[in-house]
Amino acid sequence: MVSTKGKSLEGLLTEFRRFYPSTDFKNNAYITSEEIFKKAEKDPEGFWATYASELTWYKKWEKVLDWDPPHSKWFVGGEINVCYNCVDRHIKNGRRNKAAIIWEGEPGDTKTLTYWDLYREVNKFANVLKKLGVNKGDRVAIYMPMIPEAVIAMLACARIGAIHMAVFGGFSSEALRDRINDCKAKLLITADGGYRRGSLIPLKHDSDYAVKDTPSIENVLIIKRGEFPLRIKKGKDFWWHELADEVDPYCEPESMNSDDSLFILYTSGTTGKPKGVVHSTGGYLTGAYTTSKLIFDMKDQDVFWCTADIGWITGHSYIVYGPLAVGATLFMYEGAPDWPEMDRYWRIIDKYGITIFYTAPTAIRAFMKAGAELIAPYSLETLRLLGSVGEPINPEAWIWYYTNIGKKRCPIVDTWWQTETGMIMITTLPGYHTMKPGHSGFPFPGVSIDILNESGNPVEPDEGGYLVLKQPWPSMLKGIYGDEEKYLEKYWGKWGGKYYFTGDGARRDSEGYLMLLGRVDDVLSIAGHRIGTMEVESALVSHPSVAEAAVVGITHEITGQAIVAFIVLRDNIDKDFDLEDSIREHVSKKIGPIAKPRKVIFSSELPKTRSGKIMRRLLKDIAEGKVLGDTTTLTEPEVIDNLKKQYEVIES
Ligand code: WT7
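Nothing here was measured: the structure is a model prediction, and the numbers come from that model.

With that out of the way, let us pick up the packing of aromatic side chains. Applying the stated criterion across every chain, the model contains 50 aromatic pairs. Through successive ring pairs, a cluster of aromatic residues spans Trp305, Phe331, Tyr333, Tyr345, Trp346, Tyr352, Phe357 and Phe367. If you follow lysine 494 out to its NZ or CZ, it ends over the ring of tyrosine 466, 4.6 Å from the centre. Sitting over the face of the ring of tryptophan 495, lysine 494 holds its NZ or CZ atom 5.3 Å from the ring centroid.

Laid out in structure tokens, this is it:
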């Protein structure tokens, strides 16, 4: 039952623990007071304009915002080039010899590019694109491993005004083909291959399958990563290093209108056909730049590591555009966190002196499962700030991260945002706010949110509801490529075009802290109570034997739905008879009998999307017996793998 008045989602979890940034952190942080929030609230457009002014524009805007709901244009009349701001600017402002990208390949090879190196490579790359017939406004597909050339390729597109469309290197050739066909990309940039968990991923070989069914692709540009078997089609396939020798070393950046498209990125969330989210130039860069600087408190001496892949929005905004616009040093790693051992990340942090580390809850929970002993040999002393993104971080995982990785010294920013928002929208500011585990924090200055019930009225403090965005923000998506109807329906349909609907549930406590409750599609409905997945899962993860949990509601004749919990135990825990009962009781004690799972299913892992989000839909089918007969345990990883394959067809 969905209520029409009052709360639309329950609020069950209470968190009393508080954490504070150290005096040292506070003394050195960009933002240490409330002032910025006040300023932005009074004059949001002025606030964004201040930060946009820190970038270099060819022509200043005439108007900050043109809001024609549900489309916004930012810095109207302004002209800018994103690549110029991320690269050229820094070779003129004293950062010429500063490391822009420090990279480590999975086999252990490493490379450092200064801003000057990056400048040279990007210029040549841009000229190669032109040589291959790419013009301003053309779409360019990028299907690459995590190597510096992936960043170079994106920046080169931005330099000449071509629109890039990156596809995660772990996606199939079908996924690549469909995305290329949707946006009619002219060129595909790929590599001979990349390394992942000790194996070679033959990207060019896989691309060949895609390209045979993509009539729009005229050429394929290949980066040489290693010695991978591949076929070269004469007149169509070209090696980057060969063409690089034939072009001029300088390419004039294109002066772009602020509202021109910078890139398209496909997102499917956990359901449905992928949608091509389109981002702008001036507005997007302003959002990525401002949030990178203020939320990650990026300073010249920092080494910033965001563990995402460049195929996701996190890679776009917080590997490439945000950090480089700030002039930061970014670290980039090609491979898997558990290769060759589960300590690879900690090894990297100590070796390169990483100071800011940004990763996903799924990784944190995997480390938690493996145990803190793996971290013991490493000092991690250079770290000063930690971040989390992608899913709600359960309070226990938060505490684990804070204690074992941050050594109780580093603030954590739990950043909420989406592919569509382009930039972080909800977080704490690390030098100012007190942290509450499990709570993401506050809307970023200049961002305006609300939490509504089904009928579109704001809920009371501590009540759950639908998270909406009330005002446009600079890095707001321009729309869905070629599908205006989908844009209107998916994001603006629920309350007659008045609000942008995020699809997430949230609750705000009396101090204004926001807690994200999970996707509203996954909400449980127990005896008339609507409960977000986050709270029950957090209660489960706070049991000492549990590393990771996912809950789903299955049909129940009396209560409407009953909760089934899928549990991954921490390593070295024996599953004795009493464990299931003890876990169920624990939830009941922690958040109330209403949330007590009817059934607990132990599994060695949970099915996840390629970006690490739990696929609760699949678990629901399992729990309802639609996919598997006996569901008492799911200890074989292959079982999950096979099930996932059936779903990935839909997902990608
Ligand atoms: C969805 C967006 C944003 C970059 C990576 C994912 C969930 C994201 C958090 C967080 C709770 C979060 C939401 C959101 N999400 N960050 N800190 N706390 N939930 O981008 O694939 O577009 O996914 O991820 O459900 O709507 P995305």
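Let us look at the environment of arginine 584. Secondary-structure assignment places arginine 584 in helix H17 (residues 579-591). The spatial distance from the C-alpha of arginine 584 to the C-alpha of alanine 244 is 62 Å, given a sequence separation of 340 residues. Those residues in contact with arginine 584 that sit more than four places away from it in its chain are Lys596, Pro597, Arg598 and Val600.

Read from one edge to the other, the open sheet built from four strands follows the order S23-S24-S26-S27, with strand pairing classed as antiparallel. In this open sheet, the two strands that pair with only one neighbour each are strand S23 (449-452) and strand S27 (514-519). Taking the axes of each pair of neighbouring strands and ignoring which way they run, one obtains an average angle of 45° across the sheet.

Each disulfide consists of one covalent bond between the sulfur atoms belonging to two cysteines. In the structure shown here, the tally under the stated rule is zero disulfides. Free of any disulfide, cysteine 157 has its nearest cysteine sulfur in cysteine 83, 10.0 Å distant. Taking the relative accessible area as the measure of exposure, cysteine 157 reaches 0% and is therefore buried.

With that settled, consider the nonpolar core. Residues Leu155, Ile189 and Tyr321 are the most contacted members of the largest nonpolar core, which totals 122 residues. Of the residues forming this core, the biggest block, ten residues, is contributed by helix H6 (residues 148-160). Those residues in contact with tyrosine 321 that lie beyond four places of it in its chain are Val82, Cys86, Met154, Leu155, Ala158, His164, Leu262, Phe263, Tyr284, Leu285 and His316. Counting 69 residues, the second largest nonpolar core, distinct from the first, contains Trp346, Met368, Cys410 and Phe501.

This part takes up the pairing of strand S4 (residues 99-104). For S4, the tally of buried residues reaches six of six residues, placing the bulk of the element in the interior. In this structure, S4 lies alongside strand S5 (residues 110-114), joined through five bridges in antiparallel fashion. When the sheet's bridge partners are listed, isoleucine 102 is paired in S5 with threonine 112. Here S4 folds back onto S5 in antiparallel fashion, the turn holding five residues, of which glycine 108 has a positive phi close to 110°.

Our focus in this paragraph is the pairing of strand S16 (residues 303-306). The two faces of S16 match: Val303 and Trp305 on one face and Phe304 and Cys306 on the other face are all buried. Sheet topology note: the S16/strand S18 (residues 356-359) ladder contains three bridges and is parallel. In the sheet register, tryptophan 305 faces S18, and the bridge partner there is phenylalanine 357.

Across the junction of proline 69 and proline 70, the peptide omega takes the value -5°, indicating a cis bond. If you trace the backbone, proline 70 turns up in the loop between strand S1 (63-68) and strand S2 (71-76). Cis geometry marks the peptide bond from tryptophan 339 to proline 340, where omega comes out at -5°. In this structure, arginine 197 is a non-glycine residue whose phi angle is positive, near 50°. Mapped onto the elements of the fold, arginine 197 is located in the loop between strand S9 (194-196) and strand S10 (199-201). With a phi close to 65°, asparagine 572 is a non-glycine residue in the positive phi region. Residue placement: asparagine 572 occurs in the loop between strand S31 (560-569) and H17. By relative accessible area, which is 75% here, asparagine 572 ends up exposed.

What counts and how
Residues numbered from 1 in each chain as written. Predicted model: local features only at pLDDT ≥ 70, side-chain atom pairs only at ≥ 80, totals over all residues. Heavy atoms only, no water. Phe/Tyr/Trp six-rings, centres within 6.5 Å; stacked < 30°, edge-to-face > 60°. Lys NZ or Arg CZ within 6 Å of the ring centre and 35° of its normal. Helix = DSSP H or I, 4+ residues; strand = E, 2+ residues; numbered from the N terminus. Contact = heavy atoms within 4.5 Å. Pairing = 2+ DSSP bridges. Axes fitted to C-alpha atoms, helices over the stretch in contact; angles between N-to-C directions. Disulfide = S-S within 2.5 Å. Buried < 20%, exposed > 50% of the residue type's maximum accessible area, 1.4 Å probe, protein only. Core = buried A, V, L, I, M, F, W, Y, C linked by side-chain atoms within 4.5 Å.

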